[in-house]
Amino acid sequence: MANAKKRLGVIGFGNMGSSIAFGAVSLFEVSVFDKDKQKIPDKAANPELKTENLITDLVSSSDIIVLAIKPQDFDALLKEIEPFVQGKLILSIAAGITTGYIEKVLKDARVVRAMPNMAVKIKAAETGLVKGRYAKEEDLDLAKELFGLLGKVWVIKEDMIDALTAISGSGPAYIFYDIEINKLDPLKVTVESKNEYVKRLKQAALDVGFDSKMALELAVNTTASSVQLLTRTGCSPAQLRKMITSYGGTTEAAVKVLSSNGSWAQAAQAAKKRAQELSRQE
C-alpha cells in the first residue's frame, strides 16, 4: 500500500499535473517541477507541495514520476531524465505516447500509462490505466491507488486507449456542445437529458469497441462527471468544451462531426481515428 513515505514527483504543473499533485498529497509526499516558473505554486499557500528548480533533482528524489507534459515536449524530456530513472516507476499521462515508446527510450523502464479525463479537476475523473511490459503488479496497484484518489479507474489494454480517449476524454465535449447549441440551462440539466446523453454515449462506446458493461459504465460516469463540472466550476459549456479541444486533436475532430449534424457515435469514431493518427508507437 502507498503511504506518506512514497515520494511522488510530478513533471508539468498544468491542469492535469496540478490536479494530480493536489489530489495525491493525502497519500504521497509530492514534489513538482515545471519549466514555466509562473505555474509553480506558491510555497506559503501550498506547504503540502515541495517544489524543485531542477528536473534532475525531482527525478532523483522521487520513487514515482508522473509525466504530465505535452506530447511535443516528450522526446527532449525523456532524454533528459533517462540517466536518473533506474528503479523508478514512470506514470505517463501524455496522449498518443505508447508504453513501448517510453520503454525504448528509458531502457526497459517500469511504465504505467494513464489516461485521465478533465473531471480530474473535481476528483470525479475516469482514468484508464495500461501496464507496460516491465511494470509489476505492485506498480499497477500503486497507479490504481493514486488515480483512485481522483475518481474511477479502469485497467485496459493499450489497444483500447484510443477508444477510451474518444469516450471519456472527448465525450464531455459532446455533452457541452449539445447543451450549448440547444441553449439548455447548464445548471439544471434534466433527468431526461442525462438519460439521453447516457444512451448516446453508450452507443458510441459500443461502436468504438467496448463491451456492453463497460460501455454503460463509461456512459454513466462521463455524463455524471460532465454535469458536475458545469455545476462545480461555474464555467459555461462553451468554456469547458474549449478547455478540452486542442488544435488538431481528438476532440476537435469529434466536434467537427457534431457541427455537421453527425451522431455521437460518428463523432467518437472520428476522435478514435484522430487518436490513432497521433499515436507514437515503439
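Predicted model only: the values in this text are computed from it and were never measured.

## Here's the deal with the packing of aromatic side chains
Overall, the coordinates contain three aromatic pairs when judged by the stated rule. Where Phe13 meets Phe22, the ring centres are 5.8 Å apart and the plane angle is 65°; that geometry is what we call edge-to-face. Every member of this aromatic cluster is reached through a ring pair, and the members are Tyr174, Tyr197 and Trp264. A cation sits over an aromatic face here: Arg200 above Trp264, 4.8 Å from the ring centre.

## Here's the deal with the pattern of salt bridges
According to the stated counting rule, one finds 13 salt bridges in the structure shown. Of the charged contacts, one joins Asp73 and Lys35 as a salt bridge, the two residues approaching to 3.8 Å between their closest N and O atoms. Here Asp73 is found in the loop between strand S4 (64–67) and helix H3 (74–81), whereas its partner Lys35 is found in the loop between strand S2 (29–33) and strand S3 (49–51), with 38 residues between them in sequence. In this structure, Glu158 engages Arg113 in a salt bridge whose closest nitrogen and oxygen atoms are separated by 2.8 Å. Taken together, the residues span a long stretch of sequence, with Glu158 in the loop between strand S8 (151–155) and helix H6 (161–169) and Arg113 in strand S6 (residues 110–116) at a distance of 45 residues. Judged by its relative accessible area of 23%, Glu158 is partly exposed. Looking at Arg113, the relative accessible area reads 2%, which means it is buried. One continuous salt-bridge network, built from bridges that share partners, spans Lys152, Lys213 and Glu217.

Reading guide: rules and limits
- Residues numbered from 1 in each chain as written.
- Predicted model: local features only at pLDDT ≥ 70, side-chain atom pairs only at ≥ 80, totals over all residues.
- Heavy atoms only, no water.
- Phe/Tyr/Trp six-rings, centres within 6.5 Å; stacked < 30°, edge-to-face > 60°.
- Lys NZ or Arg CZ within 6 Å of the ring centre and 35° of its normal.
- Salt bridge = Lys/Arg side-chain N within 4 Å of Asp/Glu carboxyl O.
- Helix = DSSP H or I, 4+ residues; strand = E, 2+ residues; numbered from the N terminus.
- Buried < 20%, exposed > 50% of the residue type's maximum accessible area, 1.4 Å probe, protein only.

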